[in-house]
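Fold and contact review
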Amino acid sequence: MTTTDDKTIVKDYFNATGFDRWRRIYGDGEVNKVQKDIRIGHQQTIATTLGWLREDGNLKGLSICDAGCGIGSLSIPLAQAGANVFASDISEKMVGEAQQIAKQVLGDPSNLTFAVRDLEQLTGKYHTVICLDVLIHYPTQEAAKMIAHLASLAESRLIISFAPKTVLLSLLKKIGEFFPGPSKTTRAYQHKESDIIAILENNGFSIQRNGMTSTRFYFSRILEATRENSQASHSV
Ligand code: SAM
């Protein structure tokens, strides 16, 4: 399957059933048990990211690109903390929802800009580029191209999360595929952590921090990588 096919499928999904499903999961209304579990897991990934960024103490005025922003779960608190955030998503429905929520929470902030855009079409330079839970929609070869593009936008740091490929998770995924429920999503691709690290290193980045969120139904590895010549440094 070509990249265009993958992207068209993902875009159509997040403008239709995927929009309804994920808006509910990322929101605070009633959801079923599986969705609640995924909501809690995703909130942990957001909290890890915010924790790292706050820890550095330079969030005010920092330029951040949130690629594949969904309904703004990360962009909105980042803007609230004073960062200059450019948030984009391939789905216009997701961006529309994010804009509405941002308006309710923040009014009309000058430091938060939204755009409907495929992340590979993004241009500009940002201190930090963040891409959470997006790569799960693409095979590793496509993910490699996406990471390379995101790396070209990042002056200093990239933060990405993905579903790690482990024997146990591959097995759970197989079992899940035998029992496709009503909320069956697009294909979910897991990536080997060593592959993602190699891709980051090939693009001139090295890993600084990492985290893992595992609930019953949500598994997400998160990596912070900085440019090898950049000043930011932390210990792993
Ligand atoms: N990053 C957000 C978060 O963690 O709250 C949303 C994660 S959601 C599982 C995946 C999002 O990625 C969807 O909103 C989807 O529309 C977006 N997406 C998928 N492929 C994309 C692409 N090629 N470019 C930009 N956004 C994309």
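For clarity, every value in this text was computed on a predicted model and none was experimentally measured. (Residues numbered from 1 in each chain as written. Predicted model: local features only at pLDDT ≥ 70, side-chain atom pairs only at ≥ 80, totals over all residues.)

**Here's the deal with the overall build of the protein**
Across its full length, the protein carries eight helices and seven strands. For the protein, the residues scored as buried account for 34% of the 236 residues in total. Of the contacts made within the protein by residues no fewer than 6 positions apart, 72% connect residues no fewer than 24 positions apart. (Helix = DSSP H or I, 4+ residues; strand = E, 2+ residues; numbered from the N terminus. Buried ≥ 20, exposed ≤ 12 C-beta atoms within 10 Å, placed from the backbone. Contact = placed C-beta atoms within 7 Å.)

**Let's talk about the site of the ligand**
Around the ligand, a shell composed of 21 residues is seen, among which F14, G68, G70, I90 and L119 lie nearest. Residue assignment for the shell around the ligand shows that the elements contributing at least two residues are α1 (3-14) and α2 (17-26). The element contributing the most residues to the shell around the ligand is α1, with three residues. (Near = placed C-beta within 6 Å.)

**Let's talk about helix α8 (residues 193-202)**
Within the span of α8, buried status applies to I196, I199 and L200. Seen along its axis, α8 keeps its buried residues to an arc of 100°; they face one direction. Along α8, exposed side chains directed more than 90 degrees from the buried face belong to S194, A198 and N202. Looking at the buried side of α8, the elements it contacts are α6 (140-153), β5 (154-162), β6 (205-214) and β7 (219-227). Just downstream of α8, G204 is the residue with a positive phi angle, here 85°. (Arc of directions from axis to C-beta.)

**A look at the nonpolar core**
Counting residues in each nonpolar core, the largest one holds 54 residues, and the members touching the most others are V129, I130, C131, L150 and L158. Setting aside its immediate chain neighbours within four residues, V129 contacts C65, A67, L150, L153, A154 and L158. (Core = buried A, V, L, I, M, F, W, Y, C linked by C-beta atoms within 7 Å.)

**Some thoughts on the packing of α2 against helix α3 (residues 33-55)**
Remark: α2 packs on α3, axes separated minimally by 8 Å, with the N-to-C direction vectors making an angle of 65°. Read as a crossing pair, α2 and α3 show a hand that is right-handed. Only Q35, I38, R39 and H42 of α3 make contact with α2, whose side of the interface consists of R24, I25 and Y26. Split by residue class, the contact of α2 with α3 holds three nonpolar, two polar and two charged. (Axes fitted to C-alpha atoms, helices over the stretch in contact; angles between N-to-C directions. Left-handed = near helix turned anticlockwise from the far one by under 90°. Nonpolar A, V, L, I, M, F, W, Y, C, P; charged D, E, K, R; others polar.)

**Here we look at the sheet that holds β5**
Read across the sheet, seven strands follow the order β3-β2-β1-β4-β5-β7-β6 without closing on themselves; strand pairing throughout is mixed. The open sheet has two edge strands, β3 (112-116) and β6, and neither has a second partner. Strand after strand, the sheet turns through a mean of 15° between neighbouring axes, direction not considered. Here five bridges tie strand β2 (residues 84-89) to β3, and the two strands are oriented parallel to one another. Residue pairing for β3: V85 is matched across the bridge by L112. Against the sheet, helix α5 (residues 92-106) makes contact with β2 and β3, and its axis sits at roughly 165° relative to β3, the strand it touches most. This element, α8, spans β5, β6 and β7 of the sheet and lies at about 150° to β6. (Pairing = 2+ DSSP bridges.)

**Looking at unusual backbone geometry**
Phi is positive for D133, which is not a glycine, with a value near 55°. Assignment of secondary structure puts D133 in the loop between β4 (126-131) and α6. By the C-beta count within 10 Å, which is 23 here, D133 ends up buried.

**Details of α6**
The end-to-end C-alpha distance of α6 is 20 Å, a good match for the 20 Å that 14 residues give at a rise of 1.5 Å each. The complete set of buried residues in α6 reads A143, A144, M146, I147 and L150. Looking straight down α6, one finds that the buried residues subtend no more than 170° of arc, so they occupy a single side. The elements touched by buried residues of α6 are β1 (63-67), β4, β5 and α8. (Expected span 1.5 Å × (residues − 1).)

**What about the confidence of the model for the protein?**
With 87% of its residues at a pLDDT of 70 or more, the protein shows a mean pLDDT of 91. The ipTM value of the predicted complex is 0.99, and its pTM value is 0.92. (pLDDT = per-residue confidence, 0-100.)

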